[in-house]
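# Reading the structure
Residues per chain, in single letters:
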Amino acid sequence: MFDDAELDQSIRLSILNLMVVLYDCGITEVHIGGVMRILGVSDSMAEKHDNERLVLDEEFVKYVEQINEPRPVDQRLH
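Residues numbered from 1 in each chain as written. Predicted model: local features only at pLDDT ≥ 70, side-chain atom pairs only at ≥ 80, totals over all residues. Heavy atoms only, no water.

Our focus in this paragraph is the overall build of the protein chain. Along the backbone of the protein chain there are four helices and two strands. Ordered by position from the N terminus, the helices and strands of the protein chain form the series α-β-α-α-β-α. The buried share of the protein chain, reckoned over its 78 residues, is 15%. Within the protein chain, residue pairs in contact and separated by at least 24 positions form 48% of the contacts whose partners lie at least 6 positions apart. Accessible surface, the protein chain: about 6,200 Å² in total, of which carbon and sulfur atoms supply 55%. (Helix = DSSP H or I, 4+ residues; strand = E, 2+ residues; numbered from the N terminus. Buried < 20%, exposed > 50% of the residue type's maximum accessible area, 1.4 Å probe, protein only. Contact = heavy atoms within 4.5 Å. Areas by Shrake-Rupley, 256 points an atom, 1.4 Å probe, with all protein chains shown as cover.)

Further remarks concern the packing of helix 1 (residues 4-24) against helix 4 (residues 58-67). Relative orientation of the contacting elements helix 1 and helix 4 amounts to 130°, with a least axis distance of 12 Å. Classified by the angle between their axes, helix 1 and helix 4 sit oblique to one another. The interaxial crossing formed by helix 1 with helix 4 has left-handed handedness. Seen from helix 1, the contacting residues are Leu16, Met19, Val20 and Tyr23; seen from helix 4, they are Glu58, Phe60, Val61, Tyr63, Val64 and Ile67. A breakdown of the residues in the contact of helix 1 with helix 4 according to their chemical character gives nine nonpolar, no polar and one charged. (Axes fitted to C-alpha atoms, helices over the stretch in contact; angles between N-to-C directions. Parallel < 35°, antiparallel > 145°, perpendicular 65-115°, else oblique. Left-handed = near helix turned anticlockwise from the far one by under 90°. Nonpolar A, V, L, I, M, F, W, Y, C, P; charged D, E, K, R; others polar.)

Here is a general trend for soluble globular proteins: nonpolar side chains tend to be buried in one another's company. With nine residues, the main nonpolar core is built from Leu16, Leu18, Met19, Leu22, Val30, Val35, Leu56, Phe60 and Val64. Of all the secondary structure elements, the ones that give two or more residues to this core are helix 1 and helix 4. Top contributing element to this core by residue count: helix 1, with four residues. If we skip the residues at most four places from it in the chain, Val30 touches Leu22, Val35, Glu52, Arg53, Leu54 and Leu56. (Core = buried A, V, L, I, M, F, W, Y, C linked by side-chain atoms within 4.5 Å.)

Tallied over the entire structure, the rule returns four salt bridges. Salt-bridge contacts for Glu59 lead to Lys62; the nearest nitrogen and oxygen are separated by 3.1 Å. With Glu59 and Lys62 both in helix 4, this residue pair falls three residues apart, about one helical turn. (Salt bridge = Lys/Arg side-chain N within 4 Å of Asp/Glu carboxyl O.)

Structure representation (structure tokens):
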């Protein structure tokens, strides 16, 4: 079973992977409530974020490239 830290990391990775797939398909604006629903969040919780959007642009690409580079064990990216 996952502890909270492992669960948080797993969720972050799932969201990042989903956004990479969407970006690769040409989608450059992500509806946060929609992403939450895809990940299994209840509709009542996700609807609180229906007006929020995330832009997937060159900064997103740089971020993805950065997190795939080797880094010191004690360094964390947020």
